[in-house]
Amino acid sequence: EAQVTQNPRYLITVTGKKLTVTCSQNMNHEYMSWYRQDPGLGLRQIYYSMNVEVTDKGDVPEGYKVSRKEKRNFPLILESPSPNQTSLYFCASSLYSGGNSYNEQFFGPGTRLTVL
Amino acid sequence: AQKVTQAQTEISVVEKEDVTLDCVYETRDTTYYLFWYKQPPSGELVFLIRRNSFDEQNEISGRYSWNFQKSTSSFNFTITASQVVDSAVYFCALSERNTGKLIFGQGTTLQVKP
């Protein structure tokens with residue numbers, strides 16, 4: 001089944017304790033991205049990657065790191081989580097045809113993170 | 001600046017009613033892509049449709065239909081004969097040139113009552 005998987009689905013942690021949210025897709029998509037969803041602020045992009053070893057900042061990258069060493073994986077790393085990073089996180093992937101042709105992004109199930 | 005506006009925050013209908021969700025977008029790009037996503041109570045984001053700026057044909061998929069009008073910068077979504085399972089938050093989105101970032105509207109919460 002074609003899908004984007006994220007782990008963990010739920011996480012409660014404490015301020016300053018490093019964590020990684022994994023994201024994996026099995027559709028051979030070039031483009032991958034992370035979004036966070038917050039009440040009143042909507043969905044905002046954190047980081048994106050056009051292909052392996054190519055990553056770039058989105059709208060709210062502060063406090064996050066990513067890597068793209070393999071095409072299928074795009075982990076989100078919080079080196080020192082803070083309470084303002086409490087949010088619902090989504091990973092997404094899509095085919096990238098080049099230029100400015102953007103296909104639909106398929107989203108993972110979401111990771112609900114609480115930082116105390 | 002690019003922007004997506006969904007002016008309807010919440011809509012409540014009774015089952016079998018038709019309902020239209022409005023979406024207005026702003027962009028200076030001549031080529032762009034528009035999307036609709038559904039977020040049911042379980043929380044996942046489900047892709048519904050993608051439309052490019054060159055294709056103004058209306059699209060119908062079962063009970064769902066979309067009306068794209070470049071002249072008014074609108075991409076409205078209609079559900080015919082709504083069902084309780086249609087209850088969800090619906091997001092309209094625009095892809096940003098050069099980055100592929102999805103710019104989402106604030107979403108419309110649709111409640112379909114039995």
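Higher on the page you've got the structure.
Residues numbered from 1 in each chain as written. Chains lettered and ligands numbered in written order. Predicted model: local features only at pLDDT ≥ 70, side-chain atom pairs only at ≥ 80, totals over all residues. Heavy atoms only, no water.

**Observations concerning the overall build of chain A**
Put simply, the rule reads: Numbering of helices and strands starts at the N terminus; helices are DSSP runs of H or I of at least 4 residues and strands are runs of E of at least 2. In this setup the radius of gyration rests on C-alpha atoms only. A globule is expected at 2.2 Å times the number of residues raised to 0.38. Three exposure classes are used, based on accessible area relative to the maximum for each residue type with a 1.4 Å probe and protein chains only: buried under 20%, partly exposed in between, and exposed over 50%. We call two residues in contact when some of their heavy atoms are within 4.5 Å. Using a 1.4 Å probe, the Shrake-Rupley method yields the accessible areas, and only the shown protein chains count as cover for residues.
A count of helices and strands for chain A gives zero helices and eleven strands. Going from the N terminus to the C terminus, chain A shows its helices and strands as β-β-β-β-β-β-β-β-β-β-β. Computed over its C-alpha atoms, the radius of gyration of chain A comes to 14 Å, within 12% of the 13 Å expected for a compact globule of 116 residues. For chain A, the C-alpha atoms occupy an extent of roughly 40 × 25 × 25 Å along the three principal directions. Within the span of chain A, comprising 116 residues, buried residues form 50% of the whole. When contacts within chain A are restricted to residue pairs at least 6 apart in sequence, those whose partners lie at least 24 apart make up 54%. Looking at chain A as shown, the accessible area adds up to about 5,400 Å², and 51% of this sits on carbon and sulfur atoms.

**Quick look at the interface of chain A and chain B**
Inclusion rule: Buried area, as used here, totals the accessible surface that two parts lose on assembly, with accessibility defined by a 1.4 Å probe and the loss added over both. A pair is scored as a salt bridge if a Lys or Arg side-chain nitrogen falls within 4 Å of a carboxyl oxygen belonging to Asp or Glu.
Each partner contributes residues to the interface: chain A has 22 residues there, and chain B has 20 residues. In this assembly, chain A packs against chain B so that about 1,800 Å² is buried in total across both faces, 52% of it on carbon and sulfur atoms. On the chain A side of the contact with chain B, Leu 43, Asn 100 and Tyr 102 of chain A bury the most area, a combined 33% of that side's loss. Across the chain A-chain B interface, the total number found is one salt bridge.

**Regarding the state of the cysteines**
Where two cysteines share a covalent bond between their sulfur atoms, that bond is called a disulfide. The following threshold applies: Working definition: a disulfide is two cysteine sulfur atoms within 2.5 Å of each other.
Using the criterion set out here, one finds two disulfides over all chains in the structure. Cys 23 of chain A shares a disulfide with Cys 91 of chain A; S-S distance 1.8 Å. Where Cys 23 of chain A bonds to Cys 91 of chain A through sulfur, the torsion about that S-S bond is close to -70°, and the disulfide is left-handed. Of the two residues, Cys 23 of chain A sits in strand β3 (residues 19–25) while Cys 91 of chain A sits in strand β9 (residues 87–94), which places them 68 residues apart along the sequence. When its relative accessible area of 0% is taken as the criterion, Cys 91 of chain A is described as buried. Two residues share a disulfide in this structure: Cys 23 of chain B and Cys 92 of chain B, whose sulfurs sit 2.0 Å from each other. On the S-S bond that ties Cys 23 of chain B to Cys 92 of chain B, the torsion sits near -65°, and the link is left-handed. Placement of Cys 23 of chain B in the loop between β3 (19–21) and β4 (24–26) and of Cys 92 of chain B in strand β10 (residues 88–95) is noted, with a sequence separation of 69 residues between them. Per residue, the accessibility class of Cys 23 of chain B equals that of Cys 92 of chain B, and both read buried.

**So, a nonpolar patch on the surface**
To be explicit about the condition: Like charges within 9 Å and nonpolar side chains (Val, Leu, Ile, Met, Phe, Trp, Tyr) within 5 Å are joined into patches, using only residues over 30% in relative accessible area that form no salt bridge.
A cluster of nonpolar residues, Ile 12, Val 14 and Leu 116 of chain A, forms a patch on the protein surface that exposes about 320 Å² of accessible area. In this fold, Val 14 of chain A is placed in the loop between β2 (10–13) and β3.

**Re the environment of Ser 93 of chain A**
Residue and element names in this part refer to chain A. To keep things clear, this is the line we draw: Polar contact criterion, stated in full: a pair of N or O atoms within 3.5 Å, where within protein one must be able to donate a hydrogen and the other to accept it, and residues adjacent in sequence count only if both atoms are side-chain atoms.
Assignment of secondary structure puts Ser 93 in strand β9. For Ser 93, a relative accessible area of 0% puts it in the buried group. Put simply, Ser 93 and Val 4 are 89 residues apart on the chain and 7.3 Å apart in space, counted from C-alpha to C-alpha. Residues in contact with Ser 93, not counting those within four places in the same chain, are Val 4, Gln 25, Met 27, His 29, Tyr 31, Met 32, Glu 104, Gln 105 and Phe 106. Only 2.8 Å separates the side chain of Ser 93 from the side chain of His 29, close enough to count as a polar contact.

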